[in-house]
Amino acid sequence: GPSLKISDFAGFRKVLDSATKIAVLTGAGVSAESGIGTFRGPAGMWRTHNAMDLATLKAFEANPSLVWEFYEWRRSMAFNARPNKAHLALVEFENKCIKENRVFTLMTQNVDGLHIRAGSKNVFEIHGSLRKVKCTKCKLVYENTDVPICEALRGRGDPEKATTSDIPISDLPKCKNCSGLLRPDIVWFGEILDDNVLSKCVKALEACELFLVVGTSAIVYPAAGFAPFVQDRGVPVAEFNTDPISAVNFVFRGPCGTTLPEALG
Ligand code: BJW
Ligand code: ZN
């Protein structure tokens with residue numbers, strides 16, 4: 001039953017090898033070994049702010065300079081990071097699935113783009129991407145990976161430097177189409193996930209025969225509801241986490257850069 005709390009490797013492999021549709025949810029833990037801090041760990045602070053307090057529309061509207069400085073830092077971190085063994089294990093496993101005519105779907109809460117850069121193909125970035133911007137005026141979404149994203153933000157993302165955040169809106173990143181103020185194309189707290197993306201995820205959750213949950217604290221909805229939804233269908237769930245919490249069928253405790261290659265290889 002779904003109460004086994006130790007890693008039952010043979011049991012897991014039996015399910016893995018026979019599953020024709022596999023879905024995976026990843027979170028910040030999958031990028032931890034690439035040097036990108038998780039949200040709810042000790043590194044979840046930026047200057048004097050809790051990083052999560054900056055990830056809201058309210059914070060952006062109150063001080064777009066402050067929030068853009070935070071994202072200037074997030075972007076340079078993400079773009080300079082490299083995919084790690086966990087990202088690569090998921091790519092290798094997806095390629096194996098493609099060869100064997102099995103369906104593999106990766107849903108990530110991460111905005112760092114590392115799954116795509118690693119080579120994952122069927123991947124949904126459900127919380128958006130640091131690699132994209134969205135116009136607050138005309139709503140155009142497009143890719144922009146410039147660092148700095150604009151001259152005024154050059155060197156302004158330093159988490160140690162508690163400078164005043166007073167860059168005027170006219171000097172912050174502007175839309176290439178209408179010159180409106182840009183924002184990161186990230187799903188902030190209180191904002192809804194893309195309908196089209198979410199319904200594709202739900203389809204994968206409804207069809208999968210095995211669900212892997214990797215490196216997420218699974219407290220942010222709707223992603224936090226994915227594993228319970230799959231378990232309610234009686235489908236096995238495996239958790240990969242340094243600090244596993246959920247009562248699922250299979251648990252791989254440890255850094256996923258080690259456990260994923262072992263489990264999927
Ligand atoms: C390792 C490891 C290693 C470390 N190997 N493991 C229902 C109930 C209650 C509340 C709500 C609800 N529905 C909606 C809400 C509100 C809210 C919410 O869920 N709040 C909760 C906190 C309670 N949700 C929303 O607002 C969502 N919107 C929504 O539902 O819209 C509808 C709506 C609108 C209006 C009102 C009501 C509903 C949107 C959520 C978007 C979240 N976006 C963020 C911000 C990104 C900003 C940015 O990046 O700049 O996305 S929040 C932040 O958390 C980020 C992450 O994707 C997300 C998840 O975090 P994650 O990935 O799990 O990271 P951590 O740090 O928490 O965990 C890391 C884990 O890794 C740990 O477990 C470690 O142990 C582990 N680990 N090293 C393996 N090497
Ligand atoms: Zn625009």
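First things first, this report covers the structure right here in the doc. Throughout this description, residue numbers start from 1 for each chain and increase along the sequence as written. Ligands are numbered from 1 and chains lettered from A, in the order in which they are written. Under the rules for a predicted model, residues below a pLDDT of 70 receive no local features and side-chain atom pairs below 80 are neither given nor counted, while totals for whole chains, interfaces and linings still include all residues. To get the side-chain values, all heavy atoms of the structure are used, and hydrogens and water are removed first.

Glancing now at the overall build of the chain. Looking only at helices and strands, one finds ten helices and eleven strands in the chain. We compute the radius of gyration from the C-alpha atoms alone; for a globule the expected value is 2.2 Å times N to the 0.38, where N is the number of residues. Relative to the 2.2 N^0.38 estimate, which gives 18 Å for 265 residues, the radius of gyration of the chain is 19 Å and therefore close to what a compact globule would have. For the chain, the spread of C-alpha atoms along the three principal axes comes to 60 × 35 × 30 Å. Buried means the residue's accessible area, taken with a 1.4 Å probe over protein chains only, is under 20% of the maximum for its type, while exposed means over 50%, and partly exposed covers the values in between. Here the chain, with 265 residues, has 50% of them falling under the buried criterion. In the chain, once contacts between residues fewer than 6 apart in sequence are set aside, the share between residues at least 24 apart is 69%. Side chains of the chain carry 31 positive and 29 negative charges; the gap between the two charge centres is 3 Å. Numbered from the N terminus, helices here are DSSP runs of H or I no shorter than four residues, and strands are runs of E no shorter than two. Residue contacts follow a heavy-atom distance rule, with two residues in contact if any of their heavy atoms lie within 4.5 Å. Here Asp and Glu are counted as negative and Lys and Arg as positive; His is not counted, and neither are the chain ends. A charged residue contributes its charge at one atom only: NZ of Lys, CZ of Arg, CG of Asp or CD of Glu.

Turning to the packing of aromatic side chains, a few remarks are in order. Stacked, tilted and edge-to-face are the three classes assigned to paired rings of Phe, Tyr and Trp, where Trp is represented by its six-membered ring and a pair needs centres within 6.5 Å; plane angles under 30 degrees give stacked, over 60 edge-to-face, the rest tilted. Evaluation of the coordinates by the stated rule reveals eleven aromatic pairs. Ring geometry for Phe93 and Phe104: centres 5.9 Å apart, planes at 70 degrees, overall edge-to-face. Of this pair, Phe93 sits in helix H6 (residues 85–99) while Phe104 sits in strand E4 (residues 103–108), and the two are eleven residues apart along the sequence. Through successive ring pairs, a cluster of aromatic residues spans Trp46, Phe60, Phe70, Tyr71, Trp73 and Trp188. Positioned above the aromatic ring of Tyr142 is the side chain of Lys176, whose terminal nitrogen or guanidinium carbon lies 4.3 Å from the ring centre. One residue, Arg183, lies across the ring of Trp188, its end atom 3.9 Å from the ring centre. Criterion for a charge above a ring: Arg CZ or Lys NZ at most 6 Å from the ring centre, at most 35 degrees from the ring normal.

Glancing now at the site of ligand 1. Residue proximity to a molecule or strand is established when one non-hydrogen atom of the residue lies within 4 Å of it. With respect to spatial proximity, 35 residues lie near ligand 1, and among them Tyr71, Arg74, Thr216, Ser217 and Asn241 are the closest. One of the backbone N or O atoms of Phe39 is found 2.8 Å from an oxygen atom in ligand 1. The term polar contact refers here to a pair of N or O atoms within 3.5 Å; inside protein, the definition further demands a hydrogen-donor-capable atom paired with an acceptor-capable atom, and it admits residues adjacent in sequence only when both atoms are side-chain atoms. Interatomic distance of 2.9 Å between a backbone N/O atom of Gln109 and an oxygen atom of ligand 1. For accessible areas, the Shrake-Rupley method is used with a probe of radius 1.4 Å. Any residue's cover is judged against the shown protein chains and nothing else. Surface burial for ligand 1 is 75%, taken as the share of its 1,500 Å² of free accessible area covered by protein chains. Where the shell around ligand 1 is concerned, the elements lending two or more residues are helix H2 (29–32) and helix H5 (64–80).

Shown as donors are all N, O and S atoms within 2.8 Å of a metal ion, widened to 3.2 Å for Na, K and Ca; because water is not in the atom set, sites may appear incomplete. Coordination sphere of the zinc ion (ligand 2), protein contribution only: Cys135 (SG), Cys138 (SG), Cys175 (SG) and Cys178 (SG), at 2.3 to 2.4 Å. A site with four donors is called tetrahedral when every donor-metal-donor angle falls between 85 and 135 degrees; four donors are called square planar, and six octahedral, when opposite donors sit more than 155 degrees apart and all other angles fall between 65 and 115; any other arrangement is irregular. If you look at the zinc ion (ligand 2), its four donor atoms make angles of 97 to 116 degrees with each other, and the shape they trace is tetrahedral. Every donor residue of the zinc ion (ligand 2) comes from the same chain, spaced as C-x2-C-x36-C-x2-C. Using a relative accessible area of 1% as the deciding quantity, one classes Cys135 as buried.

A word on the sheet that holds strand E1 (residues 21–26). Here, any two strands with at least 2 DSSP bridges between them count as paired. Spatial ordering of the open sheet is given by E5-E4-E1-E9-E10-E11, a layout of six strands whose pairing is parallel. At either margin of the open sheet sits one strand with a lone partner, and together these are strand E5 (123–125) and strand E11 (250–253). Within this sheet the neighbouring strands show an average axis-to-axis angle of 15 degrees, counted without direction. Strand direction decides the pairing type here: E4 and E5, joined by three bridges, are parallel. In the sheet register, Met107 faces E5, and the bridge partner there is Phe124. The angle between two axes is taken between their N-to-C directions and runs from 0 to 180 degrees, where each axis is a line fitted to C-alpha atoms and a helix contributes only its stretch in contact.

Let us look at the side chain of Glu125. Topologically, Glu125 is positioned in strand E5. Only one rule defines a salt bridge in this text: a Lys or Arg side-chain nitrogen within 4 Å of an Asp or Glu carboxyl oxygen. The charged side chain of Glu125 is buried without a salt bridge, its nearest counter-charge being Lys132 at 5.0 Å.

Turning to the side chain of Asn249, a few remarks are in order. Tracing the backbone through its elements, the reader meets Asn249 in the loop between strand E10 (237–241) and E11. A distance of 3.1 Å separates a polar side-chain atom of Asn249 from the backbone nitrogen of Val237.

Taken as a whole and assessed by the stated rule, the structure comprises eight salt bridges. Between Glu151 and Arg154 there is a salt bridge whose closest N-O contact spans 2.7 Å. Arg154 matches Glu151 in its accessibility class, with the two residues each being exposed. One connected set of salt bridges, linked through shared partners, spans Glu69, Arg156 and Asp166.

For the rest of this paragraph, the subject is unusual backbone geometry. Residues Val147 and Pro148 are joined by a peptide bond in cis, for which omega reads -5 degrees. Among the secondary structure elements, Pro148 is positioned in the loop between strand E7 (141–143) and strand E8 (182–186). With omega at 5 degrees, the peptide bond leading from Tyr221 into Pro222 counts as cis. Assignment of secondary structure puts Pro222 in the loop between strand E9 (210–214) and helix H9 (226–232). Positive phi, close to 60 degrees, is recorded for Asn101, a residue that is not glycine. A relative accessible area of 72% places Asn101 in the exposed class.

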